[in-house]
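# Coordinates in review
The residues making up each chain are set out below.
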Amino acid sequence: PAPDDPIFARLRHALVMPDDFADELASWVKQDRANRGRFDHLLDHPDEPEAARPAILQRLKDDLIDARPAWADPEKMRIGAEAHFRLGLLGRLANGTLGLLDGYRNAAVAKSLVATGSLATATKRRLAETTKFANDILSSDGMQRGSPGFNAAIRVRLVHSFVRHGLARNPRWRHDAWGMPITIMDSLEIGRAHV
């Protein structure tokens with residue numbers, strides 16, 4: 001793109017932009033233990049009617065579960081996944097490892113991981129979760145609605161919001177130097193590393 005392309009303004013904005021919808025959803029989930037179950041139930045059974053669905057869950061269904069962004073081409077996603085699987089076990093391991101390293105070299109992503117202790121105290125679990133996430137995404141037939149990868153992507157947005165809230169309250173997080181933890185841009189970088 002040309003230097004004056006509007007994409008650059010959107011990317012600059014994404015460097016500081018939180019995920020407002022995920023933050024609102026996370027706040028709702030934290031209000032009542034039963035809310036997490038209702039969230040999970042909607043993801044697992046999106047076509048099941050619910051008489052009094054809370055407004056935040058209706059927005060989740062309308063805007064994320066039932067709507068597909070214009071840029072999300074399922075056929076291209078299938079082709080990408082097929083290419084990944086053609087690499088064989090060793091190639092997939094190398095691709096995933098290099099992808100993770102590429103994503104984690106992003107200073108903002110690394111700071112969030114270090115600040116939460118995920119890399120120091122839960123390395124094995126963190127790598128297993130990341131591997132499962134990537135496999136779910138790649139095995140989801142173009143990120144079809146209701147597939148494990150589709151649902152995992154929505155759940156990861158919620159997890160990132162919980163982490164963002166926790167780090168925002170952490171006195172060791174340097175807002176003046178590092179900005180907001182896990183912005184939309186960080187999530188894009190993480191997603192690029194995983195897929």
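Right, let's walk through the structure included here. (Residues numbered from 1 in each chain as written. Predicted model: local features only at pLDDT ≥ 70, side-chain atom pairs only at ≥ 80, totals over all residues. Heavy atoms only, no water.)

With that settled, consider the overall build of the chain. Tallying secondary structure elements over the chain gives twelve helices and zero strands in all. The proportion of buried residues among the 195 residues of the chain is 34%. Once local pairs closer than 6 in sequence are excluded, the contacts in the chain between residues at least 24 apart make up 61%. Counting only carbon and sulfur atoms, one obtains 61% of the accessible surface of the chain, whose full area is about 11,800 Å². (Helix = DSSP H or I, 4+ residues; strand = E, 2+ residues; numbered from the N terminus. Buried < 20%, exposed > 50% of the residue type's maximum accessible area, 1.4 Å probe, protein only. Contact = heavy atoms within 4.5 Å. Areas by Shrake-Rupley, 256 points an atom, 1.4 Å probe, with all protein chains shown as cover.)

This part takes up the pattern of salt bridges. Counting across every chain of the model gives 16 salt bridges. Across the pair Arg-86 and Glu-82 runs a salt bridge, and its minimum N-O distance is 3.7 Å. Of this pair, Arg-86 and Glu-82 are both found in helix 5 (residues 74-86), four residues apart, which corresponds to roughly one turn of the helix. The class for Arg-86 is exposed, based on a relative accessible area of 66%. On the basis of relative accessible area, Glu-82 is assigned to the partly exposed category, the value being 41%. (Salt bridge = Lys/Arg side-chain N within 4 Å of Asp/Glu carboxyl O.)

On to helix 4 (residues 55-65), then. Looking only at helix 4, the buried set comprises Ile-56, Leu-57, Leu-60, Lys-61 and Ile-65. Mapping the buried residues of helix 4 onto a view down its axis gives an arc of 145°, with all of them on the same face. The secondary structure elements touched by the buried residues of helix 4 are helix 2 (20-31), helix 3 (33-44) and helix 10 (148-169). (Arc of directions from axis to C-beta.)

Two packed helices can be described by the angle between their axes and the distance between those axes. The contact between helix 2 and helix 4 brings their axes to 10 Å, and the two run at 145°. Helix 2 and helix 4 meet at a crossing whose hand is left-handed. Between helix 2, through Phe-21, Glu-24, Leu-25 and Trp-28, and helix 4, the contact on the second element is made entirely by Ile-56, Leu-57, Arg-59, Leu-60 and Leu-64. Tallied by class, residues from the contact of helix 2 with helix 4 come to seven nonpolar, no polar and two charged. (Axes fitted to C-alpha atoms, helices over the stretch in contact; angles between N-to-C directions. Left-handed = near helix turned anticlockwise from the far one by under 90°. Nonpolar A, V, L, I, M, F, W, Y, C, P; charged D, E, K, R; others polar.)

Bringing the packing of helix 9 (residues 123-138) against helix 10 into the picture now. Helix 10 packs onto helix 9 with a crossing angle of 135° between their chain directions and a minimal axis gap of 7 Å. Comparing the axis directions of helix 9 and helix 10 gives the class oblique. Of the two elements, helix 9 crosses helix 10, and the hand of that crossing is left-handed. Counted together, Phe-133, Asp-136 and Ile-137 of helix 9 and Pro-148, Gly-149, Ala-152, Ala-153 and Val-156 of helix 10 form the full contact between these two elements. (Parallel < 35°, antiparallel > 145°, perpendicular 65-115°, else oblique.)

A word on the environment of Ala-168. When you line up the elements, Ala-168 lands in helix 10. The exposure class of Ala-168 is partly exposed, given its relative accessible area of 40%. Not counting residues up to four positions away in its chain, the partners in contact with Ala-168 are His-175 and Pro-181.

With that settled, consider helix 3. Taking 1.5 Å of rise per residue, the twelve residues of helix 3 would be expected to cover 16 Å, and the 18 Å separating its terminal C-alpha atoms lies within 8% of that figure. Looking only at helix 3, the buried set comprises Asn-35, Phe-39, Leu-42 and Leu-43. Viewed end-on, helix 3 has its buried residues packed into an arc of 100°, placing them on one side of the element. Packed against the buried residues of helix 3 are helix 2, helix 4 and helix 10. Two or three places before Ala-34, at the start of helix 3, stands the capping residue Asp-32, its side-chain oxygen 2.9 Å from that residue's backbone nitrogen. (Expected span 1.5 Å × (residues − 1). Polar contact = N/O pair within 3.5 Å; in protein donor to acceptor, adjacent residues only side chain to side chain.)

Counting through the fold element by element, Arg-53 comes out in the loop between helix 3 and helix 4. The exposure class of Arg-53 is buried, given its relative accessible area of 15%. Here the side chain of Arg-53 touches Glu-48 through a polar contact of 3.2 Å, landing on its backbone oxygen. With sequence-adjacent residues up to four places away left out, Arg-53 is seen in contact with Arg-38, Leu-42, Glu-48, Gln-58 and Lys-61.

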